[in-house]
Each structure stands twice: as structure tokens, then as C-alpha cells.
Number of protein chains: 2
Amino acid sequence: MLENTGRTELSSLGEFGLIKHLTQFIEIKNESTIKGVGDDAAVIDNKGKQIVVSTDMLVEGVHFDLAYMPLKHLGYKAVSVNVSDIYAMNATPKQITISFAVSNRFSVEAMEELYSGMMLACEKYKVDIVGGDTTTSKSGLVISITAIGEATKEELIYRDGAKEGDLLCVSGDLGAAYVGLQLLEREKKIFIESPDVQPDLGGYDYILERQLKPDARKDIPPLLKMLKVKPTAMIDISDGLASEILHLCSQSETGCNLYEDKIPIDPSTYNMAREFNLDPTVCALSGGEDYELLFTIDQSDFPKIKANPDISVIGHMTSRKEGRNLITKGGSSHPLIAQGWDSLIKE
Amino acid sequence: MLENTGRTELSSLGEFGLIKHLTQFIEIKNESTIKGVGDDAAVIDNKGKQIVVSTDMLVEGVHFDLAYMPLKHLGYKAVSVNVSDIYAMNATPKQITISFAVSNRFSVEAMEELYSGMMLACEKYKVDIVGGDTTTSKSGLVISITAIGEATKEELIYRDGAKEGDLLCVSGDLGAAYVGLQLLEREKKIFIESPDVQPDLGGYDYILERQLKPDARKDIPPLLKMLKVKPTAMIDISDGLASEILHLCSQSETGCNLYEDKIPIDPSTYNMAREFNLDPTVCALSGGEDYELLFTIDQSDFPKIKANPDISVIGHMTSRKEGRNLITKGGSSHPLIAQGWDSLIKE
């Protein structure tokens, strides 16, 4: 640990920097700890079968705004976000624990709404709520969920297995959750200025649902199994495509070429981004919260996936020294950077 | 779930009421879920070996006050509190995940302090930090920890196994953490009124350490094993002796007689309670945060434990219809009630 040499602002490290900084001295003590900090989930061995554990915390005012996020949707989303990490290990979620801190601003009915969304998601993912903790908060709502899944040793897919030449693939489409959020924030602003004006959210179902009630891609691991494709590395997209690709490259010690024209973007996302004067590609790269699966496969597996409408090949892995690049529609190459949300917000 | 019939205040249910209310409709879906909500930890089967999972959330201003709780101690305590639940299942903690939400009021150095306390505790309990989540908070610090342990099916001890006639036992002594907190609050008040007066905490090491840096009783499960005693039910004392006894009685469907004169209270706890005009017995019954283990054993095991200075027999389990009673030093019997902290605070 550092000597007491003064004050370093948390913002100077950022979330990943802080985690790396704090966890740098961890030494694994138990034989059953197969994988600790640094992937979508931890892996614990238990006589051959592996237990996978992942945890996420959601904070009111940071991760959600109850002005436009119904509590039931929030509950659903909180579970989806967590099990998504388990699927990203190619494992099956089985149990979750749910903790929350809640202020007396919330009623029992409000907590029921939240919990009913959680239970709905648990139904969908067939996971059992096995525990948790409920406590008071001085202000706002904090939700912390830990998801536990299982897989055989052979099934598990980490972030560090990508090799030079592997194809970079993504499920579904990207950027919708971010433009959905922009739409909700616009309507909130209109509502605050003119409370009599009803929000005009008709025709935006897809992008709104992607923001308010995202689903984890539980269908992708069995699909890949059926196609007899085992990805070499996998991660889920919570912070934006660029950030997740950089995680795969850095942990697999590779470079990559990502092709802008291959990034799957739904027409409604594209149109809404344009309405907000946002670049749809930037929404996909940095918007986050898509909860799609990003993975790399051996080139020889390409024929098995190429006809599948749920999977897009968006680039390939290169050697580390070639760097991580975005090849634009115009054909020029730019270093891929993880901008995060802040730089996207226009105000 | 209730129909939308208006607003019910959270305070009308209380923490346990809320948990019970929210979790009443949970149906277990996975074969591997052996025990869900309702014990110190959940139990997950994995080919014979059982995985035990417990989670706790600590909120600034609710569970800790950084005016007198050094961050390193807070980190240590946060881990102790969680592994205590694993020991209370007679299991061995092996891994933990740590999440926190933190505002920019905290510096990197502050987080290092917190984390160094967590790592110190992890050293002590030989558990691996395998993951977590770090996020921003709008105000204050929230810590959520999930501990994972293991045990064989035969080793596990639940809350519901106590039988009529079993002896009620507790490790260590009780009430110290609560009077330690009173002392810290008094010194804080003096400090606020007269910042030049140095806090006078000399000679109070034991009760202060019990509040600021409590240890989970990792020594008790192996001790019991060595003594060839397998408790019939077990729980750790986080909310106060009375509350935990009532949990055992209610889940085991028994009554109990608790003898006031048998409750182990350290002399320094006793004296400090008197200084605050508090009844030492009430501090033990309702103070909480002792993190001692409360358990029941078959009467035939009494000879094996009676000479042990770390274990006190404080009563026995009765039939349900006899009720849950505190037998006072004067010999009269009163219904045992869980008061919680609020009723203890004199201001």
C-alpha cells in the first residue's frame, strides 16, 4: 500500500484503475479458488464441477433514475445484469443473493414492485433467490446482487483465451440501451418543464425495452454448443463495445481490428441516435448496457456461425504490437479507446 | 403480492418482517439449492460437497460512523461479520466478493485503508477475495460482501435442529460491542463540543476492540469438533442474544428458558454499562454485534463442554407451548423479546 503521502482523487484512477490498484496484492490461498478478480465472474472448484460467482452493485442516481425507471423494471434489470456475467463465462446461473439498502422514502409496496421484477427475471433465468440482506439507507436505494452459476471445467470460457487471427463476434445489436436512455432523459426534462405534457414514447418500444428491461443472452451459450463452436474468449457488454474489446485484448495479450461497418446497430437505434445528433457508432462503442455477448472464435469455426442472424463477425484479433484499431467506414484506422459515458453526454 | 392499496411504511414491518414478506413466494427451482433464504447462509450442493453463501451490506451512517471508526477497522469488521455467518453454519469460509459504492469525498488512500483492513481479515480467516464491484455513490460509503464457504453435508448445522431439552450455549462474552459503541459516541459528542479535549479511551481496550475490530469465532467449530460435540442448531450473534435465541426457537419450533445469571458478561462490559446507567443484561440481550456463536447441544454432550472456559451454558430449550422466557436473577420469568437497538438508545 502507498505511504500516507496525501490525497489522490478517486477520479484520477477510474473504476478499473481503482480495482486494479486495490487488488494488486491479493494472493490466492485456497486450492478451490480457480479464478479470482479479473474476469466476468470468479471460479471456484468443487470436485471437478466449477462454481462461478459474480457480483454487481446498483446505486440510485448513478445507475438508475427512478423518475423514469419503474421499480419492477429495475428489479428485472438488476438480475439480468448479474446473470449476464455468468453467461459470459459460458456457465449456467443457478442461485442469486439480493441485498438492498433502502431509505424510508420507499414504501413496502415499492419494495414489492422491485422484488416482483427480480422474481420475474429469476423465473426467466431459472435461478433461485437463496439469501440476501436488507438494511436502512440514509438516502436512496442501493442494490447488490451476487449470482452463482455452474459449469464443467471444459465449458468455462475466460477473457484471456483469444489468439491472433481469431474472429471477433457479437450477439444481437448494440447502442439501443444508450439511445433509449437519452430518450428517457429528454422526456424527463420536458416533464419537469411542462408537467401537463404527456411523454411521447410511442413507437420507441425496442430502444426503451433495451434500456429499461434488458435480457441477458441465455440463448447464446446453448446456441454455440449446438453449433459446436467453443469461443476462445468471452465477455458481456456492460460498459460499451470498445471497453469490452480492450478487456479481451489486454487479458489475451493481442491487438485487434474492429470494422465500423460490421457493428450491428438496429435501425431504430440508428434513427434515434441521429435525432439526438449522436454518432450511432459511438453509441455502440461507448454507450454500454447492451448485455450482449462479445466473443472470439477460431477462424475455422466461421462456416458454423456465418449464417446465424443472432451473431455478427465484427473484426479479428491481431498481434499485440499491431495495436487495437477501429477501421472506419472510410477505411482509415484509429486507435480504439474506451470513452465511457461521460464524454458522450452533450450537456 | 398485495394489490395497490396504498402506502405501507417499511418501519411497520421491520427488517425481518420485510424479508419474510418479500421472500414468501420464492419457489426453489434448482436441485442444487439445498437451503435458500432463512438461515445464516444459503447452501448449494455440488456433488456431495456443499457450498455455503452469505451476504451482508454495511451502510455509512447506519452501520458505521467514520467519525470514530477508522477505515482499516471498518474493512476488517466488514469481512469478520460476513465470515461469522459461514462459521455459524459450521462451514469454513474460502472466498469472498467485495462491492462498494463510494462518493468522491473519499480518496484513493482512504480506500486503500479500507481495503488493507479487509485484506488483514482475509489473511486471518484464510479467505480469497475473488471479485467484486466498485461504483460511485452520491453520498457516503456502502459495502456489500458475499462470503462463500464449504462443508460436507454432515458437518452443516442449521437454525432449525434444536430439540426440547437441548442445552443453549454461547461462546465468549456478550454486550461489549454495544457498550464500546456507547463509549465512542460519548467521546464523539465531547469532541464536537470541545475539539481541544483529547478523547479519553485508555483502559477500555477490550470493549473498544469488540466494537471496532470484532473477530468471527473461527476457533469454535474446530473446538467443537475436537470435543466431539455436534450442535443441533447454531447461529451467530449479530442482532443481540434475544433476537438470535428467538430465531432458533422459531425455526426449531421450540420454547426456551434463558437464565439471566448465566449470561457471560465481561467485567469491563459490566462496569461500563453501569457507568452509562444501562442494565448489563439488556446490553447482552439487545446490544448485538458480538459475533459470538449461539448453539444448542444434546444434554448428553454436557460433560464434554462443561469445563471449557470459552463456552457458557445459558439455558435450555423447552416445548413450544412453554414459550420463550428469561428467568431473572430474582427467579421470576419474563417473556423474552427482541428489542433491537432503538429502544436502548436513551436520548
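Cut-offs and rules
- Residues numbered from 1 in each chain as written.
- Chains lettered and ligands numbered in written order.
- Predicted model: local features only at pLDDT ≥ 70, side-chain atom pairs only at ≥ 80, totals over all residues.
- Core = buried A, V, L, I, M, F, W, Y, C linked by C-beta atoms within 7 Å.
- Buried ≥ 20, exposed ≤ 12 C-beta atoms within 10 Å, placed from the backbone.
- Contact = placed C-beta atoms within 7 Å.
- Least-squares fit on C-alpha atoms with pLDDT ≥ 70 in both.
- Helix = DSSP H or I, 4+ residues; strand = E, 2+ residues; numbered from the N terminus.
- Nonpolar A, V, L, I, M, F, W, Y, C, P; charged D, E, K, R; others polar.
- Pairing = 2+ DSSP bridges.
- Axes fitted to C-alpha atoms, helices over the stretch in contact; angles between N-to-C directions.
- Expected span 1.5 Å × (residues − 1).
- Parallel < 35°, antiparallel > 145°, perpendicular 65-115°, else oblique.
- Left-handed = near helix turned anticlockwise from the far one by under 90°.
- Domains from an automatic or database assignment.

Caption draft 1: Structural context of the nonpolar core. Membership of the largest hydrophobic core comes to 195 residues, with the highest contact counts inside it found for V79, M118 and I245 of chain A together with M118 and I245 of chain B. Ignoring any residue separated from it by four or fewer positions in sequence, one finds I245 of chain B in contact with L168, C256, L258, L294, R324 and L336 of chain B.

Caption draft 2: Expanded view of the relation of the copies chain A and chain B. Here chain A sits on chain B after a turn of 180° about the axis and a move of 0.0 Å along it, with an RMSD of 0.0 Å. Overall, the copies show the geometry of a two-fold rotation axis. Here 100% of the interface residues in chain A have copies in chain B that are interface residues too; the copies meet face to matching face.

Caption draft 3: Seen up close, the interface of chain A and chain B. At the junction of the two partners, chain A supplies 73 residues and chain B supplies 73 residues. At the level of secondary structure, the elements contributing two or more residues to the side of chain A that touches chain B comprise α1 (14-23), β2 (42-46), β3 (49-59), β4 (92-102), α3 (108-125), β5 (128-136) and β6 (142-152) of chain A. Considering every element that reaches the side of chain A that touches chain B, the biggest residue donor is β5 of chain A, with nine residues. Residue composition of the side of chain A that touches chain B, grouped by class: 30 nonpolar, 29 polar and 14 charged.

Caption draft 4: Quick look at unusual backbone geometry. Unusually for a residue other than glycine, N90 of chain A sits at a positive phi of about 65°. Along the polypeptide, N90 of chain A turns up in the loop between α2 (71-87) and β4. Its identity as a non-glycine residue notwithstanding, E289 of chain B has a phi of 65°, on the positive side. Among the structural elements, E289 of chain B can be located in the loop between α9 (280-286) and β10 (293-297). A residue is classified by how many C-beta atoms lie within 10 Å of it, and E289 of chain B, with 21 of them, is buried.

Caption draft 5: Just the sheet that holds β5 of chain A, in detail. Residues and elements named next belong to chain A. One open sheet accounts for six strands, arranged β1-β2-β3-β6-β4-β5; its pairing is mixed. A strand with exactly one partner marks an edge of an open sheet, and here the two such strands are β1 (33-35) and β5. The sheet shows a mean angle of 20° between the axes of neighbouring strands, direction not considered. Relative to β3, β2 is paired through five bridges, and the arrangement is antiparallel. Among the inter-strand pairings, V43 is bridged to a residue of β3, identified as V52. Its contacts with the sheet place α2 against β3, β4 and β6, and it is angled at close to 30° to β6.

Caption draft 6: Helix α2 (residues 71-87) of chain B, seen in detail. With 17 residues, α2 of chain B extends 24 Å from end C-alpha to end C-alpha; this agrees with the ideal 24 Å at 1.5 Å per step. Of all 17 residues that make up α2 of chain B, 17 are buried, and the element is covered over most of its length.

Caption draft 7: Summary view of α3 of chain A. Helix length check: α3 of chain A, at 18 residues, gives a terminal C-alpha distance of 25 Å against a target of 26 Å (1.5 Å per residue), a fit within 8%. Considered for burial, the residues of α3 of chain A that qualify are M111, E112, E113, L114, Y115, G117, M118, M119, A121, C122 and Y125 of chain A.

Caption draft 8: Examining the packing of α2 of chain A against α3 of chain A more closely. Residues and elements named next belong to chain A. Axis separation between α2 and α3 bottoms out at 6 Å; the angle between their running directions is 40°. Considering their axes alone, α2 and α3 lie oblique with respect to each other. Remark: the crossing between α2 and α3 carries right-handed chirality. Residues L71, K72, H73, L74, G75, Y76, A78, V79, S80 and V83 of α2 form the contact with α3, whose own contacting residues are A110, E113, L114, Y115, S116, G117, M118, L120, A121, C122 and Y125.

Caption draft 9: Geometry of the domain arrangement of chain A. Residues and elements named next belong to chain A. Parsing chain A into structural domains produces domain 1 (10-152) and domain 2 (167-344). Once you take the C-alpha centre of each, domain 1 and domain 2 turn out to be 22 Å apart. If one sorts the elements of the side of domain 1 that touches domain 2 by residue count, α2 sits on top with nine residues. Tallied by class, the residues present in the side of domain 1 that touches domain 2 amount to nine nonpolar, four polar and three charged.

Caption draft 10: Spotlight on the pairing of strand β6 (residues 142-152) of chain B. All names here are of chain B. Most of β6 is tucked away, with 10 of its 11 residues classed as buried. Across 11 bridges, strand β3 (residues 49-59) lies against β6 in antiparallel orientation. For I51, the partnering residue across the bridge sits in β6 and is E150. As paired strands, strand β4 (residues 92-102) and β6 are joined by nine bridges and run antiparallel to one another. Bridged to I96 within β6 is A147.

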